[in-house]
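Observations on chain architecture
The residues making up each chain are set out below.
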Amino acid sequence: GLVFDLAGPAILLGILLAGPAWTALNEAIAQTIMREPYPVARFFKAMGHSYLRSLLLSALLALPIFSLARDLPLLAESPVETFTWVRLGTAVAGGVFLLALDVYAFPILALYDVSVRLALRNSLVLAIKYASHTLGLLAMAGLLAWLAFRVSAFLLVVLPAAWLVFAVNNCRMVVDLEYDKG
């Protein structure tokens, strides 16, 4: 369908650019929070440095989005098959699970320069152990997305960086807590 035809290239562009840029923005926010200078050229260097690892994380996150783009047009059929609802529910649940992991995975990649496997493993532990933090950050992201949709799309320029201030600080805090526990 048309939605799938239009979503495919957008998802591919997101995989190729958004994930690496998001990781570089995590690093820029972290350095700014620590009051260290962060020249613009360093952003592009960070984007290149973490490109493949960020690409893998964004590709994982794209799987449920791709599935939703493929299955949403099926809701126009009458009646909608039960299996379609199961696939949509699975895609939504998988997307929320991966978003919960990504709350920690991207900052971990930016702050600690580790492998994707280690970032995902640590993200799973942190997302479960600090579930209230994770849910709070996801709720904040949802609220900010709603605000951008309702007020102005221009807010999409500012709000992600504002959200990252909280996400990066939270990641640093819970990693430090875990490190102190030994």
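Each remark here, short or long, concerns the structure printed above.
Structure report, in brief. Please read all numbers here as calculations on a predicted model, not as lab measurements.

As a further point, take the environment of A148. Following the sequence through the fold, A148 ends up in helix α6 (residues 131-150). Exposure remark for A148: the relative accessible area of 4% places this residue in the buried category. Counting along the chain gives 10 residues from A148 to V158, while the straight-line C-alpha distance between them is 9.6 Å. Non-local contacts of A148, meaning those with residues more than four positions away in its chain, are made with A153, L155, L156 and L159.

Further remarks concern the side chain of S50. Structurally, S50 is set in the loop between α2 (40-49) and α3 (51-71). Overall, the relative accessible area of 4% leaves S50 in the buried class.

Our next topic: the pattern of salt bridges. Here the structure, examined in full by the defined rule, presents 6 salt bridges. Where R87 meets D71, a salt bridge forms, and the shortest distance between an N and an O atom there is 2.4 Å. Taken together, the residues R87 in helix α4 (residues 82-112) and D71 in helix α3 connect sequence positions 16 residues apart. By relative accessible area, R87 is classed as partly exposed at 26%. Across the pair K181 and E178 runs a salt bridge, and its minimum N-O distance is 3.6 Å. Placement of both K181 and E178 in helix α7 (residues 155-181) is noted, with a separation of 3 residues, approximately one turn of the helix. On the accessibility criterion, K181 (58% relative accessible area) is exposed. Overall, the relative accessible area of 22% leaves E178 in the partly exposed class.

Turning to the packing of α4 against α7, a few remarks are in order. It is the contact of α4 with α7, at a shortest axis distance of 9 Å, that shows an interaxial angle of 75°. For the element pair α4 / α7, the angle class is roughly perpendicular. Facing α4, whose interface residues are V103, Y104, P107, I108, L111 and Y112, α7 presents W163, V168, N170, C171, R172, V174 and V175. Of the residues in the contact of α4 with α7, the class split is 11 nonpolar, 1 polar and 1 charged.

Here is what the cut-offs are and how they apply
Residues numbered from 1 in each chain as written. Predicted model: local features only at pLDDT ≥ 70, side-chain atom pairs only at ≥ 80, totals over all residues. Heavy atoms only, no water. Helix = DSSP H or I, 4+ residues; strand = E, 2+ residues; numbered from the N terminus. Buried < 20%, exposed > 50% of the residue type's maximum accessible area, 1.4 Å probe, protein only. Contact = heavy atoms within 4.5 Å. Salt bridge = Lys/Arg side-chain N within 4 Å of Asp/Glu carboxyl O. Axes fitted to C-alpha atoms, helices over the stretch in contact; angles between N-to-C directions. Parallel < 35°, antiparallel > 145°, perpendicular 65-115°, else oblique. Nonpolar A, V, L, I, M, F, W, Y, C, P; charged D, E, K, R; others polar.

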